[in-house]
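Structural overview for review
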Amino acid sequence: MLNALLEIAEQKLHVIGCETKTRKKAFNILVECLQNLFKHSNEHPNLQEGESTDIIMMLAGDDGIRIATGNTIDKSQMRPLQERLEHLNKQGTEVIRKQYQERLVDGKFSEEGGAGLGFIDIARKSGKQMEYCFSPLDDERLFFTFNVKVS
Amino acid sequence: MEDIRIEGTPKTPSVVFDTKGGSLEIKGRSIPENSIEFYKPLIDWIESYSQAPQTKTILNIQLEYFNTSSSKCILDLFKKLEAINNEITINWYYEEDDEDMLEAGEDYDAIINIPFKMIEIEEMG
């Protein structure tokens, strides 16, 4: 399914006819976002097999391309996520680049197979503020929405 | 030792590791979910190759896209090359205007103690 989605996204990016640079940034961010979703989503146990609350959108406007995702997470995942995103939003591009290099050298693969570089890379490729929101679903779960722009 | 020849897919690059020629090539896109699975045999190959390397070894690496999970494996691959005492060259290809890919090459160059040659090319097919 991931393959099919990426193929469609790539075709659409070509159709939009944006600059190669923007197209490649958008595709890269889309790959990271999708792989984040598949790794970190924590669905409600009442969902039937094959059902999902994950969403991903790519919106093309006059001012660039916006990529938005939404997924269910455990309450315990919120704080670390929020802290990482807040921290990245405060940093300039050179600092983010340095963090990427450090993480690349020191980082180990997590259990889910991530290198801990996903959001750093998204922040770096976008160069813009990342927007996000946590909406409570029940006592244990939150819906995490994330939104980033490339231009 | 045996050469490596792997065809490219929409998510993984084509690979040609030629023992006799001392020439290694990785080309295409590298965006698999499980990058360790893909890169482990390549890293192991370089480890074996480093036991009896050619006097000159060249790695041509030409990536259109790579994800963060691959970036770590690519670093590990460079580290295995770094451990070889004979002459090593890494040619890092990037498409014109793709500053992100150029920067990614510069990042590796800053970490790895092998001279990188940055080579700009026209858009990949």
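Rules of the game
Sequence positions are assigned chain by chain, starting from 1 and proceeding in written order. Written order determines the labels here, with chains lettered from A and ligands numbered from 1. Residues qualify for local features only when their pLDDT is at least 70, as the model is predicted, and side-chain atom pairs are given and counted only at 80 or more; totals for whole chains, interfaces and linings, by contrast, use all residues. The helix and strand labels rest on DSSP assignments: H or I over at least four residues marks a helix, E over at least two residues marks a strand, and numbering proceeds from the N terminus. Throughout, the radius of gyration refers to the C-alpha atoms, and the reference size of a globule is 2.2 Å times the residue count to the power 0.38. Once C-beta atoms are placed from the backbone, any two residues with those atoms within 7 Å are in contact. We call a residue exposed when 12 or fewer other C-beta atoms sit within 10 Å of its C-beta, buried when the count reaches 20 or more, and partly exposed for counts in between; the C-beta positions come from the backbone. Gly is placed with the polar residues, together with every amino acid not listed as nonpolar (Ala, Val, Leu, Ile, Met, Phe, Trp, Tyr, Cys and Pro) or charged (Asp, Glu, Lys and Arg). Two strands pair if DSSP finds at least two bridges between them. The axes used here are C-alpha line fits, helices contributing only the stretch in contact, and every angle between their N-to-C directions lies in the interval 0 to 180 degrees. When an angle is under 35 degrees it counts as roughly parallel; over 145 it counts as roughly antiparallel; between 65 and 115 it counts as roughly perpendicular; any other value is oblique. By definition, any crossing whose near helix is turned counterclockwise from its far helix by less than a right angle is left-handed, and any crossing with a clockwise turn is right-handed. Each nonpolar core comprises buried Ala, Val, Leu, Ile, Met, Phe, Trp, Tyr and Cys residues, the members being joined through C-beta atoms within 7 Å. Confidence of the predictor at the level of single residues is given by pLDDT, which spans 0 to 100. When the strands point away from the viewer, a crossover counts as right-handed if the path from the first strand over the helix to the second runs clockwise.

Quick look at the overall build of chain A
- When you go through chain A residue by residue, the secondary structure sums to five helices and four strands.
- In terms of C-alpha radius of gyration, chain A reaches 16 Å, essentially the compact-globule figure of 15 Å for 151 residues.
- Taking the principal axes of the C-alpha coordinates as reference, chain A spans close to 45 × 35 × 25 Å.
- Put simply, 62% of the contacts in chain A that link residues at least 6 apart link residues at least 24 apart.

As for the overall build of chain B
- Summing up its helical and strand segments, chain B has three helices and six strands in all.
- The order of helices and strands in chain B, counted from the N terminus, is β-β-β-α-β-α-β-α-β.
- Relative to its length of 125 residues, chain B is compact, with a C-alpha radius of gyration of 14 Å against a globular reference of 14 Å.
- Within the span of chain B, comprising 125 residues, buried residues form 37% of the whole.

Description of the interface of chain B and chain A
- In this assembly, 20 residues from chain B lie in contact with 25 residues from chain A.
- Mapped onto the side of chain B that touches chain A, the elements with two or more residues apiece are α2 (68-82) and α3 (99-111) of chain B.
- The element best represented in the side of chain B that touches chain A is α2(B), accounting for five residues.
- By residue class, the composition of the side of chain B that touches chain A is seven nonpolar, five polar and eight charged.

Things to note about the sheet that holds strand β1 (residues 4-6) of chain B
All names here are of chain B.
- If you walk across this open sheet you meet the six strands as β1-β2-β3-β4-β5-β6, and the pairing is mixed. The open sheet has two free edges, formed respectively by β1 and β6 (116-121), since each of these has just one partner strand. Ignoring strand direction, the axes of neighbouring strands in this sheet form an average angle of 15°.
- Inspection of the sheet shows strand β3 (residues 23-30) paired to strand β4 (residues 56-66) by eight bridges, in the parallel sense.

Observations regarding the packing of helix α4 (residues 93-106) of chain A against helix α5 (residues 118-126) of chain A
Residue and element names in this part refer to chain A.
- Between α4 and α5, whose axes approach to 10 Å, the crossing angle comes to 150°. Taken together, the axes of α4 and α5 lie roughly antiparallel to each other. The handedness of the crossing between α4 and α5 comes out as left-handed. Contacts from T93, I96, R97, Q99, Y100 and R103 in α4 reach I120, D121, A123 and R124 in α5.
- Class assignment of the residues belonging to the contact of α4 with α5 gives a composition of four nonpolar, two polar and four charged.

Notes on the sheet that holds strand β1 (residues 55-61) of chain A
Residues and elements named next belong to chain A.
- If you trace the four strands from one edge of the open sheet to the other, you get β1-β2-β4-β3, paired in antiparallel fashion. Bordering the open sheet on either side are β1 and β3 (131-136), each of which pairs with just one other strand. For this sheet, the mean angle separating the axes of adjacent strands, direction not counted, is 15°.
- Of the pairings in the sheet, the one linking β1 to strand β2 (residues 64-74) comprises seven bridges and is antiparallel in character. For A60, the partnering residue across the bridge sits in β2 and is I65.

Describing the nonpolar core
- Ranked by internal contacts, the top residues of the largest apolar core, which has 50 residues, are A26(A), I29(A), L30(A), I67(A) and L77(B).
- If you tally residues by element for this core, the top one is helix α2 (residues 20-40) of chain A, at seven residues.
- Setting aside residues up to four positions removed in sequence, L77(B) forms contacts with Y39(B), L42(B), I43(B) and I46(B).

Comments concerning the confidence of the model for chain A
- The share of residues in chain A with pLDDT of 70 or more is 91%, and the mean pLDDT across the chain is 88.
- Per-element averaging of pLDDT across chain A places helix α1 (residues 2-16) of chain A at the bottom with 88 and β3(A) at the top with 96.

Some remarks on the pairing of β6(B)
All names here are of chain B.
- Alignment of strand β5 (residues 87-95) against β6, held across six bridges, turns out to be parallel. Counterpart to I90 in the pairing with β6 is F116.
- Following the chain from β5 across α3 to the adjacent parallel β6, one finds a crossover that is right-handed.

What to know about the environment of G61(A)
Residue and element names in this part refer to chain A.
- By the secondary structure assignment, G61 is in strand β1.
- Accessibility expressed as a C-beta count within 10 Å gives 9 for G61, which makes it exposed.
- With 40 residues separating them in the primary sequence, G61 and K21 have C-alpha atoms 16 Å apart.

Structural notes on the pairing of β3(A)
Residues and elements named next belong to chain A.
- Within β3, only zero of the six residues are buried, which leaves the element largely exposed.
- Here β3 runs beside strand β4 (residues 141-150); their pairing, made up of six bridges, is antiparallel. Looking at the pairing, F134 lines up with F144 of β4.
- Where β3 folds back onto β4 in an antiparallel hairpin, the turn is made up of four residues.

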